[in-house]
Amino acid sequence: MKLEQASKLRILLYNPDNGVTQNFMPHLWMFLLQALTPSGHEVVLIDGNTQPMSDAELVQFVLDRRIGLVGIGAMTRMIAKAYRVADAIRAAGIPVVMGGPHVTEVPDEALGRDGGPRHADALALGEADETWPRIVEDAARGELKEIYSPVDAFGQERKPNLADYPMIPWDSIDLRQFNRIPGFFRPIMRHFGFEWETFHIIPIESGRGCPYGCEFCTVTGFFGDSIRFRSNRSIVEEMLKIKERATSSRGKAAVFFVDDNFAINVKRTKSLLRDVIAAGAQLSWVGQISANLLKDEELLDLIGASGGKWIFIGMESLDPANLASVNKSFNKPADYARVLEALAKRHVYAITSFIFGLDNDTPGVAERTLAEIRQWPPGLPVFGQITPFPATPLYDRLLKEGRLTRPKHWLEFAPFQMAHTPLKITIPQVQDEVLYAWKNSYSPAAIEGAIESIADEPAAYKISHLMSRLFFRGIYFPQKGAWGWLKLAARNRGAIYRVVKDSLTRWHGAHPPASRRDFNGKLEPASIERAQPDSGGD
């Protein structure tokens, strides 16, 4: 049955969780599509990571709120949950449109053309900046099509021009569900007189695309190998909005630049960071940058001065043969320590990602990796197994070699479990290596050791390290609810005591006053005054 002509829709954009791990920040796609929705339609956002609901509860929410269209975006690791939720919503008579990297690569699966059940009424393939407004208007007329693709008059894929990027209204969006301060902890903060009780990690993109083409990665296939950038001005304005909101709402905010390689064009990144500093738009931020691009001293200085706090580096392996096998030879393990030390000198630390189960890995790879990590400045190491995502060169190679053990592993999501047979190590051994690495990186002793290694740093950095380590530990060892957090705090009471003590007695650490910066990277007022030349008479 068709809806009335030009009906106004109430739309739910839903990001599913995978039932195991939780994301630390919201996904950008929901906010971007909300900003791109034609006027007159209402958009509601739910992230399953922060508002967990059963399928029945979500369906009831949709019916109670009279939702007319549900949009679901999901990466491969969440697709099984996404399909299940979509099935329940469609069974209630509400149309569902799905998008994201997974359904773009295997659209027949979502549409039931591969022999399985159908999960979606429509698909938004590729980047939906251009197609989303058409989807909404078609749904409002009751004329939803099966496939929406951004193509030109010749049928060739067309990538959106980020020069006309929409302004996301961060100053007015309801972000309550994304507050990273646990609910049970907020009254404690109020009791002790903290000036803020909300903390939000806000996703921003400054560009799309990656030319590297790592064998296991989905990025080049989805966003392309040509890099497109937003204007510096639009990014600075967005950061100023976020900063203003945090200040006016008695909260704190940090930015995660979700670009797959934030410094892929070093000259451009330096220009952006200079503009951020000039506009006073500094916020604590995290970004993804490959190690080979972190050798430019001026870039490192600008990262620190603009508020950069953590850099995610996909190191993957310490073995050059492994890196070559997945087309990532631009990583040079011999340079890792030097890069991390250079960052640490600017009070910037690294989230280092490692993959086990690569073709040249053998038993003991976890301890060999940890032995090297222990020599580096403290960071946040993360570990996983090599996973063949659909339509990647890795998946195609393993399929051709007959090594896939679970060809559709995403339909039976199992975290930290391999889906193919490695060459020099068994599947159970890989799982043991991953467990060993997490257990020994995030034990109470390891956390306390990391805090001790930055004993002379300002207390704010110790607080950042401690909280980040406790959150990152939850990737592999989830702590949920007040009781889980209390038990975790008890186990880590030594590190917590050290940080609390230093916060009360050595807030600025051992650094000279003239070099003190606030947590967003700006020189503190007293430091600026000391640095000014004497302008008085003689």
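Refer to the structure printed above.
Below, the structure is looked at part by part. (Residues numbered from 1 in each chain as written. Predicted model: local features only at pLDDT ≥ 70, side-chain atom pairs only at ≥ 80, totals over all residues. Heavy atoms only, no water.)

**Quick word on the overall build of the protein**
- A count of helical and extended segments in the protein gives 21 helices and 14 strands.
- The burial tally for the protein puts 51% of its 538 residues in the buried class.
- Long-range contacts, defined here as pairs at least 24 residues apart, represent 71% of the contacts in the protein between residues at least 6 apart.
- Looking at the protein as shown, the accessible area adds up to about 24,200 Å², and 55% of this sits on carbon and sulfur atoms. (Helix = DSSP H or I, 4+ residues; strand = E, 2+ residues; numbered from the N terminus. Buried < 20%, exposed > 50% of the residue type's maximum accessible area, 1.4 Å probe, protein only. Contact = heavy atoms within 4.5 Å. Areas by Shrake-Rupley, 256 points an atom, 1.4 Å probe, with all protein chains shown as cover.)

**Here's the deal with the sheet that holds strand β14 (residues 380-385)**
- Here we have six strands laid out as an open sheet, ordered β7-β10-β11-β12-β13-β14, and parallel in their pairing. In this open sheet, the two strands that pair with only one neighbour each are β7 (199-204) and β14. Taken over all neighbouring pairs, the strand axes of this sheet differ in orientation by 20 degrees on average, direction set aside.
- Together, β12 (308-316) and β13 (349-356) form the strand contacts of helix α13 (residues 336-345), whose direction differs from that of β12 by roughly 175 degrees.
- The strands that helix α18 (residues 459-476) touches are β12, β13 and β14; relative to β14, the one it contacts most, it runs at about 15 degrees. (Pairing = 2+ DSSP bridges. Axes fitted to C-alpha atoms, helices over the stretch in contact; angles between N-to-C directions.)

**With respect to the pattern of salt bridges**
- Under the defined criterion, the tally for this structure stands at 44 salt bridges.
- A salt bridge links K241 to D171; the nearest nitrogen and oxygen atoms lie 3.4 Å apart. Of this pair, K241 sits in helix α9 (residues 232-248) while D171 sits in the loop between β6 (147-148) and α7 (186-191); the two residues are 70 residues apart in sequence, bridging distant segments of the chain.
- Judged by its relative accessible area of 24%, K241 falls in the partly exposed class.
- With its nearest N and O atoms 3.4 Å apart, the salt bridge here joins R397 to E401. (Salt bridge = Lys/Arg side-chain N within 4 Å of Asp/Glu carboxyl O.)

**Here we look at the packing of aromatic side chains**
- Tallying each qualifying case throughout the model produces 20 aromatic pairs.
- Between F222 and F223, the aromatic rings sit 4.9 Å apart at their centres with planes inclined by 85 degrees, giving edge-to-face as the arrangement.
- The class for F223 is partly exposed, based on a relative accessible area of 21%.
- An aromatic cluster is defined as three or more aromatic residues linked by ring pairs; in this entry it consists of Y336, F354, F356, W376, F383, F416, W438, Y442, Y476 and F477. (Phe/Tyr/Trp six-rings, centres within 6.5 Å; stacked < 30°, edge-to-face > 60°.)

**Considering the sheet that holds strand β2 (residues 42-47)**
- Across the sheet, which stays open at both edges, the six strands sit in the order β2-β1-β3-β4-β5-β6 with parallel pairing between neighbours. With partners counted over all chains shown, the strands left at the sheet margins are β2 and β6, one partner each.
- Inspection of the sheet shows strand β4 (residues 96-99) paired to strand β5 (residues 122-124) by three bridges, in the parallel sense. Residue pairing in the sheet places V97 in a bridge with A122 of β5.
- The strands touched by helix α3 (residues 79-91) within the sheet are β1 (10-15), β3 (69-73) and β4, with β4 carrying the most contacts at an inclination of about 165 degrees.

**Overview of α13**
- The complete set of buried residues in α13 reads Y336, V339, L340, A342, L343 and A344.
- Those residues of α13 that are buried lie in contact with α11 (297-305), β12, α12 (320-325) and β13.

**Digging into the packing of helix α10 (residues 266-278) against α11**
- Remark: α10 packs on α11, axes separated minimally by 9 Å, with the N-to-C direction vectors making an angle of 35 degrees. Every pair of crossing elements has a handedness; the one defined by α10 and α11 is left-handed. On α11, the residues that touch V266, T269, K270, L273, R274 and I277 of α10 are E298, L299, L302, I303 and A305.
- Across the contact of α10 with α11, the residue classes tally to seven nonpolar, one polar and three charged. (Left-handed = near helix turned anticlockwise from the far one by under 90°. Nonpolar A, V, L, I, M, F, W, Y, C, P; charged D, E, K, R; others polar.)

**Overview of the packing of helix α14 (residues 365-373) against helix α16 (residues 427-441)**
- The contact between α14 and α16 brings their axes to 8 Å, and the two run at 30 degrees. In terms of their interaxial angle, α14 and α16 are classed as roughly parallel. Here α14 and α16 pass one another in a crossing that is right-handed. Of the residues in α16, those in contact with V365, A366, E367 and L370 of α14 are E433, Y436, A437, N440 and S441. (Parallel < 35°, antiparallel > 145°, perpendicular 65-115°, else oblique.)

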